[in-house]
Amino acid sequence: MKIDWVTVGPFQENSYLIVDEQSRRAVLVDPGDEAPRIIGMLRDAGVTPDAIWLTHGHLDHVGAIAAIKREWKLPVFLHNDDLVIYRRASQSAVRYGFTMEQPPEPDHSLADGDALNVGALRFTVRHTPGHAPGHVVFHGEGAMFGGDLLFAGSIGRTDLPLSNPDDMETSLALVATFDRDTVVYPGHGPPTSIGNELMTNPFLADVVERT
């Protein structure tokens, strides 16, 4: 597995490219903004893209989708509980003082336990609400593409519309059970690991102590 990413937009969001090096198949995770840079990353990798996987529907994770789909007819995967957020992405951008092209409707829904493939790579979808009602992570191959659930030293916000602190606590308790060597690729900030966050992240440690 090869992982590339670019950090894009005013929210400095990480847009990931997961590549199966044997088949040269790939997926994009959370293409959030600056579509030309993401398209360039994909072209430079010399791979065949199969899909766009979304951890959730917030505007900073979906802003490049419309432009990318004009280049490749890629199916978009999103949990249904985040449709209400996804469908308001361009409206939300206006409230932050900028514009973005509203992404087209998703093509496939995600659910907890779904199996997703990238060539020979295998990932499991885990529903992890809290930051957003339809938030998911993609877990497999020693990695977790975690969106805005868990960051290096912090966690995703739970003071946004449709966020839920209780759900966030449950979701953090779930990922705390993943193998400690699991590399976390978050929606913002540098990669980390489950083990490192269990030792150093006060938010995750507090959840584990209470569960």
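Here, every reference points to the structure presented above.
Residues numbered from 1 in each chain as written. Predicted model: local features only at pLDDT ≥ 70, side-chain atom pairs only at ≥ 80, totals over all residues. Heavy atoms only, no water.

## Digging into the packing of aromatic side chains
By convention here, two paired aromatic rings are described through the distance between centres and the angle between planes. Per the counting criterion, the structure on display carries 10 aromatic pairs. Both rings, one in Phe11 and one in Tyr96, keep their centres 5.2 Å apart while their planes meet at 90°; by these two values the pair is edge-to-face. Linking Phe11 in the loop between strand 1 (2-8) and strand 2 (13-20) with Tyr96 in the loop between helix 4 (89-95) and strand 6 (108-110), this pair joins segments that are 85 residues apart in sequence. In this structure Phe11 comes out as partly exposed when scored by relative accessible area, which is 31%. Residue Tyr96 is classed as partly exposed on the basis of its relative accessible area, which comes to 48%. (Phe/Tyr/Trp six-rings, centres within 6.5 Å; stacked < 30°, edge-to-face > 60°. Helix = DSSP H or I, 4+ residues; strand = E, 2+ residues; numbered from the N terminus. Buried < 20%, exposed > 50% of the residue type's maximum accessible area, 1.4 Å probe, protein only.)

## A look at unusual backbone geometry
You will see that Asp30, though not glycine, has its phi angle at about 55°, which is positive. Note that Asp30 resides in the loop between strand 3 (25-29) and helix 1 (35-45). Of the residues examined, Asp30 reaches a relative accessible area of 2% and is grouped as buried. You will see that Glu141, though not glycine, has its phi angle at about 55°, which is positive. Note on placement: Glu141 falls in the loop between strand 9 (136-140) and strand 10 (143-147).

## Structural notes on the sheet that holds strand 5 (residues 76-79)
What the 6 strands build is an open sheet, ordered 1-2-3-4-5-6; its pairing is mixed. Taken across any chain shown, the strands that pair with only one partner, and hence form the sheet edges, are strand 1 and strand 6. Here the average twist between neighbouring strands, direction ignored, is 25°. Sheet analysis places strand 1 next to strand 2, joined by 7 bridges and oriented antiparallel. Across the sheet, Thr7 pairs through a bridge with Asn14, a residue of strand 2. (Pairing = 2+ DSSP bridges. Axes fitted to C-alpha atoms, helices over the stretch in contact; angles between N-to-C directions.)

## Quick look at the pattern of salt bridges
Here the structure, examined in full by the defined rule, presents 9 salt bridges. Lys2 is the partner of Asp4 in a salt bridge, and the nearest nitrogen-oxygen pair spans 2.7 Å. Overall, Lys2 belongs to the partly exposed group, its relative accessible area being 34%. The residue Asp107 makes a salt bridge to Lys69 at a minimum N-O spacing of 3.3 Å. Here Asp107, found in the loop between helix 4 and strand 6, pairs with Lys69, found in helix 2 (residues 65-71); they are 38 residues apart in sequence, far enough to count as distant. Look at Asp107 and you get partly exposed, because its relative accessible area is 42%. (Salt bridge = Lys/Arg side-chain N within 4 Å of Asp/Glu carboxyl O.)

## Quick notes on helix 5 (residues 165-175)
For helix 5, every residue scored as buried is listed here: Met168, Ser171, Leu172, Ala173 and Val175. In the core, the buried residues of helix 5 are packed alongside strand 10, strand 11 (150-151), strand 12 (154-155), helix 6 (194-200) and helix 7 (202-210). Measuring from the side-chain oxygen of the N-cap residue of helix 5 to the backbone nitrogen of Asp166 gives 2.9 Å; that N-cap residue is Asn164. (Contact = heavy atoms within 4.5 Å. Polar contact = N/O pair within 3.5 Å; in protein donor to acceptor, adjacent residues only side chain to side chain.)

## Quick look at the pairing of strand 10
Where a strand is regular, its side chains alternate between the two sheet faces. Within strand 10, 5 of the 5 residues are buried, leaving the element largely enclosed by the surrounding structure. Of the two faces of strand 10, the one lined by Ala143, Phe145 and Gly147 and the one lined by Met144 and Gly146 are each fully buried. Judged from the 3 bridges that link them, strand 9 and strand 10 form a sheet pairing that is antiparallel. Of the residues in strand 10, the one forming a bridge with Gly140 is Ala143. Between the end of strand 9 and the start of strand 10, which pair antiparallel, lie 2 residues, with Glu141 showing a positive phi angle near 55°.

## Here we look at the pairing of strand 3
Taking burial as the measure, the 5 residues of strand 3 include 4 buried ones, the bulk of the element. Bridge count for strand 2 against strand 3 is 5 bridges, and the pairing is antiparallel. Its bridge partner lying in strand 3, Asp20 is registered against Arg25. Adjacent in sequence and paired antiparallel, strand 2 and strand 3 are bridged by 4 residues, among which Arg24 carries a positive phi angle near 65°. Pairing geometry for strand 3 and strand 4 (residues 48-53), over 5 bridges, is parallel.

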